[in-house]
Amino acid sequence: MGFMDKIVGGGQSRSVDDYVELNLDDVSRESAEAAMQVHIAEIGGQADAIDIKDAVYDGDIVIADITRLRTNDNTVEHIVDELRQVAHEVDGDIVRKGDDQIIVTPTAIRISREKL
């Protein structure tokens with residue numbers, strides 16, 4: 001079994017015993033505070049975009065779920081346009097991933113359009 005097979009699983013089936021539960025209480029919280037955070041958001045309406053814009057202006061990344069909005073509704077396009085304007089203002093980036101997610105980044109962070 002090669003190195004990559006060990007990482008991505010060389011077609012062998014896995015069992016629950018192959019995984020280890022991680023306890024986050026064991027992680028030291030005394031390290032330096034992070035300069036940036038990744039926020040997960042759900043957009044159900046226009047008001048939800050305000051928190052997302054604030055987070056991006058504060059220098060954080062936001063991954064927003066838009067499945068609660070109907071894709072044929074003008075609200076989706078209006079919210080995407082607002083978030084696109086925010087990304088442009090802060091020299092960040094924005095990508096709409098399928099019909100269900102929007103990723104918005106702050107200054108100097110670009111989202112690759114190529115899959116790994």
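Up top is the structure.
The rules we used
- Residues numbered from 1 in each chain as written.
- Predicted model: local features only at pLDDT ≥ 70, side-chain atom pairs only at ≥ 80, totals over all residues.
- Heavy atoms only, no water.
- Buried < 20%, exposed > 50% of the residue type's maximum accessible area, 1.4 Å probe, protein only.
- Helix = DSSP H or I, 4+ residues; strand = E, 2+ residues; numbered from the N terminus.
- Arc of directions from axis to C-beta.
- Contact = heavy atoms within 4.5 Å.
- Pairing = 2+ DSSP bridges.
- Polar contact = N/O pair within 3.5 Å; in protein donor to acceptor, adjacent residues only side chain to side chain.
- Axes fitted to C-alpha atoms, helices over the stretch in contact; angles between N-to-C directions.
- Salt bridge = Lys/Arg side-chain N within 4 Å of Asp/Glu carboxyl O.

Peer 1: How should I be thinking about helix 2 (residues 48-57) in this particular structure?
Peer 2: In an α-helix there are 3.6 residues to a turn, and that puts residues three or four apart on one side. Within the span of helix 2, buried status applies to A49, I52, A55 and V56. All buried residues of helix 2 lie within an arc of 120° about the axis, which places them on one face of the element. Considering only its buried residues, helix 2 is in contact with strand 1 (38-42), strand 2 (61-65), helix 3 (74-89) and strand 4 (101-105). After helix 2 finishes, the residue G59 shows a positive phi value of roughly 95°.

Peer 1: Any chance you could explain the pairing of strand 4 here in plain terms?
Peer 2: Residues in a regular strand point their side chains to alternate faces of the sheet. Counted residue by residue, strand 4 has four buried out of five residues, so it is predominantly covered. Here strand 2 pairs with strand 4 via four bridges, running antiparallel. By the bridge assignment for strand 4, D65 is matched with Q101. In this structure, strand 3 (residues 93-97) lies alongside strand 4, joined through five bridges in antiparallel fashion. Bridge pairing links R96 to I102 in strand 4. In this antiparallel pair of consecutive strands, strand 3 and strand 4, the connection spans three residues, and G98 shows a positive phi of 65°.

Peer 1: How do you make sense of the side chain of T105 when you look at a structure like this?
Peer 2: With respect to the secondary-structure elements, T105 resides in strand 4. Residue classification places T105 among the buried residues on the basis of a relative accessible area of 2%. A polar side-chain atom of T105 sits 2.7 Å from the main-chain carbonyl oxygen of I109. Contacts of T105, omitting those with residues within four sequence positions, involve V56, I61, V90, G92, D93 and I111.

Peer 1: Honestly, the sheet that holds strand 4 in this entry has me stumped. Any pointers?
Peer 2: Strand pairing in a sheet is mediated by backbone hydrogen bonds. Such pairs are either parallel or antiparallel. Here four strands make up an open sheet; going across it, the order is 1-2-4-3 and the pairing mixed. Whereas interior strands pair on both sides, the edge strands pair on one side only; in this sheet they are strand 1 and strand 3. Sheet twist, expressed as the average angle between the axes of neighbouring strands with direction ignored, equals 15°. Sheet strands touched by helix 2: strand 1, strand 2 and strand 4. Its angle to strand 2, the strand with the most contacts, is close to 160°. Seen against the sheet, helix 3 touches strand 3 and strand 4 and runs at an angle of roughly 150° to strand 3.

Peer 1: Sorry, what's going on with the pattern of salt bridges here?
Peer 2: Opposite charge on two side chains allows them to pair when their charged atoms are near. A complete count under the given rule lists six salt bridges for this structure. With a closest N to O distance of 3.6 Å, E42 and R68 form a salt bridge. Of this pair, E42 sits in strand 1 while R68 sits in the loop between strand 2 and helix 3, placing them 26 residues apart in sequence. Note on E42: relative accessible area 48%, which makes it partly exposed. Looking at R68, the relative accessible area reads 58%, which means it is exposed. R110 is paired through a salt bridge with D91; the nearest N and O atoms lie 3.0 Å apart.

Take it as geometry only, folks, not as evidence of what the structure does.
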